[in-house]
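Below are the chains, spelled out letter by letter.
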Amino acid sequence: MEYEIVVGMEIHAELLTNTKIFCSCPTKFGDPENTHTCPICLGMPGVLPVLNRDVVRYAVRAGLALNCKIANFSKMDRKNYFYPDLPKAYQTSQFDRPLCLGGTVDINVNGQTKPIGITRIHIEEDAGKLLHESTDGTLVDVNRCGVPLIEIVSEPDIRGPEEARIFAEKIRNTLEYTGVSDCKMEEGSIRFDVNVSVREKGTEKLGTRTEMKNLNSFRALERAIKYESKRQIIELKKGHPIIQETRKWDDVKGISSAMRSKEDAQDYRYFPEPDLVPITITDEEIKKAKSELPELPEAKKARYMAEYDLPEYDADLITSSKEMAQFFEETVKISNHPKQIANWLMVDIPAHLKEKELSISTIPFVPSDLAELIDLIQNGMISGKIAKFVMEKMFTEDGSPKEIVERNNWAQMQDEGELQTIIEKIVEDNPKSVSDISSGNKKAYGFLTGQVMKATKGKANPQLANKIIREVVAKKIN
C-alpha cells in the first residue's frame, strides 16, 4: 500500500514593532531576563490593554503580500490555557473573525508551480520562555510575553517535507521584503508548527494528524516531517491507530515524542476580549496599504531576468534574500556587470560567510568594494585567480581591493615589451614545443603559457601572454 503525506503549517512571525502589542514595553531581543515587563503584559488585575496600531498595519501588509482578503471588521479573543510561561493564563488572539482570510502562495517544485492556500492570518501576543538549563530548576523569562505575532495558517495543500521547506522559505522571504518581521530564526522571530498526517494514495479523506511545535530551522522542519510521516506509516501498517496529539521534536536525536493530546478549539474556551474594541479598517485604508507594498521577491526576480539578463536560477537565488538583493542592486549601480556580480554573490561570498559564521548583513566590506574588485578583473589589472585571493583578504584585512592588490604586489604584468622579452626567451629554450605546434599539436601552446606564468610568478596577463606567444611562435615556424 502506498501512502501520501499531507502537511498543514502554522507559521508564527514576530512583528518588527518597537513596543509590545498591548503596552509600551520594548520588544528588543537579548536583554537580561524579566526586564521588559509591566503590569499589562504580566496580566495583573485591573489593567487595561491598548492595541498597538503598528501591529494591525504590519499584519495588513503581510496579508496583502500573501494575497489575502483583509477584513473590514475583526476582533480580539481570549484563548484560555494554563502553562507556566503564560502569566495571564490566557492568550489574547483572534478566533472566528481574523484580520486576513483566503490567501495563496505559489511555490516552485521541480520546475512546476503549485499554489498553497492560506486559510487565515491573525494577530496575537507571544508567550514567555521557559529556561531549563538552570541548576535551580526550570525558570521563566517573561520578556517575550506580549511581543506581537502574526500566525499564518496554511491549507493542508503541502505534500511532503520538500514542499513544506519551500513554502516556509517563501513565507519568510516575503515577510522580510515587506519589513514586517526580521525573521531571525536564531532569535525565535519565526517558528514553524506542522500538522502531519498520512493517507492511502488516491483517497480524499485526511488521516489523523499530529502536531509538532516551534521548529526553528528549515532543516528541522524537513527532518521532523520525514520522521513523523514514516512513524505514522509504520504504525498504520502494524494496524495501530494514529492518536491526535502534540508531539515534541528533538533535533539532536532526530525523533519526535508524545507531549499531550491535541487540543481542539472548544478546549480553549474562546470568547471575545472584553477589554479591547473591534478592529475596523476601511476599503480606502486597505487600498492605501496595498499601494505602499514594496517590490516583492517574484516581481524582483522577473525584473532581474528582464533588466539584467540574469538566468532564472541566478535571479531566484539572488532574490531569495532581501539583504542579498540589496547588495546586488547597490553593486550593479557602480559596476555594470550583473552576471559577474551574481556569480560572486552565489559562490565565493557565501563560502566565506559560512566559514566565518557571518551573514550578508555583517559582511566586512561594502558593495563598492565588490564593484571595484570586478572592475580590476575587467580592466586586466588582476586575473580571476588572483581575484579569489583578494576576496579572501577582503574578509580579513582593511583596505579596498585595489589597495590589497598593491600591498601584495598582485597586479598583472601589463608591460608588453617586458613580457615580449620573457616569452622570446621561453620559446627559444623550448624548441620541442615549437616543433609540436608546427606539427599540429596545439596543446603545446598551453605548456608555453604555463612556463610564462611560472616565470612571471602568475602575474602575466593571460590574454596578452597568449597573444604574444602565438606571434613569437609564428615567426619561428615561418
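Residues numbered from 1 in each chain as written. Predicted model: local features only at pLDDT ≥ 70, side-chain atom pairs only at ≥ 80, totals over all residues. Heavy atoms only, no water.

Okay, the sheet that holds strand S4 (residues 77-80) next. In spatial order, the strands read S5-S4-S15; together these three strands make up an open sheet with antiparallel pairing. With partners counted over all chains shown, the strands left at the sheet margins are strand S5 (90-93) and strand S15 (271-272), one partner each. In this structure, S4 lies alongside S15, joined through two bridges in antiparallel fashion. Looking across to S15, one finds that Arg78 is bridged to Phe271. (Pairing = 2+ DSSP bridges. Helix = DSSP H or I, 4+ residues; strand = E, 2+ residues; numbered from the N terminus.)

Now for the packing of aromatic side chains. For the structure shown, the criterion picks out eleven aromatic pairs. Here Phe192 and Phe218 contribute two aromatic rings whose centre-to-centre distance is 5.7 Å and whose plane-to-plane angle is 25°, an arrangement assigned as stacked. Taken together, the positions of Phe192 in strand S11 (residues 190-200) and Phe218 in helix H3 (residues 218-237) put the pair 26 residues apart, joining distant regions of the chain. As far as burial versus exposure is concerned, Phe192 and Phe218 are alike and both buried. (Phe/Tyr/Trp six-rings, centres within 6.5 Å; stacked < 30°, edge-to-face > 60°. Buried < 20%, exposed > 50% of the residue type's maximum accessible area, 1.4 Å probe, protein only.)

Quick look at unusual backbone geometry now. One non-glycine residue, Asn67, adopts positive backbone phi at about 65°. You can see Asn67 is positioned in the loop between helix H1 (53-65) and strand S2 (69-70). The phi angle at Cys183 is positive, at roughly 55°, despite the residue not being glycine. Position of Cys183 relative to the elements: it lies in the loop between helix H2 (161-178) and S11.

Turning our eyes to something else, we now look at the environment of Phe167. Following the sequence through the fold, Phe167 ends up in helix H2. In this structure, the C-alpha to C-alpha distance between Phe167 and Gly46, residues 121 residues apart in sequence, is 42 Å.

A few words on the domain arrangement of the protein. As a measure of interface size, the accessible area lost when the parts come together is often cited. Partitioning the protein into structural domains gives domain 1 (3-285), domain 2 (295-407) and domain 3 (416-477). For domain 1 and domain 2, the distance between their C-alpha centroids amounts to 35 Å. Between domain 1 and domain 2, the contact holds nine residues from the first and ten residues from the second. Summed over both partners, the interface of domain 1 with domain 2 comes to about 740 Å²; 56% of that surface belongs to carbon and sulfur atoms. Of all residues in domain 1, the largest losses of buried area upon contact with domain 2 belong to Lys170, Asn173 and Tyr177, amounting jointly to 68% of the total for that side. In this assembly, domain 1 and domain 2 are joined by one salt bridge. Residues Glu298 and Lys170 are paired through a salt bridge, measuring 3.4 Å at the closest nitrogen-oxygen approach. Connecting domain 1 to domain 2 are four residue pairs in polar contact (both at pLDDT 80 or more). No other element matches H2, which puts seven residues into the side of domain 1 that touches domain 2. (Domains from an automatic or database assignment. Contact = heavy atoms within 4.5 Å. Buried area = accessible area lost by both parts, 1.4 Å probe. Salt bridge = Lys/Arg side-chain N within 4 Å of Asp/Glu carboxyl O. Polar contact = N/O pair within 3.5 Å; in protein donor to acceptor, adjacent residues only side chain to side chain.)

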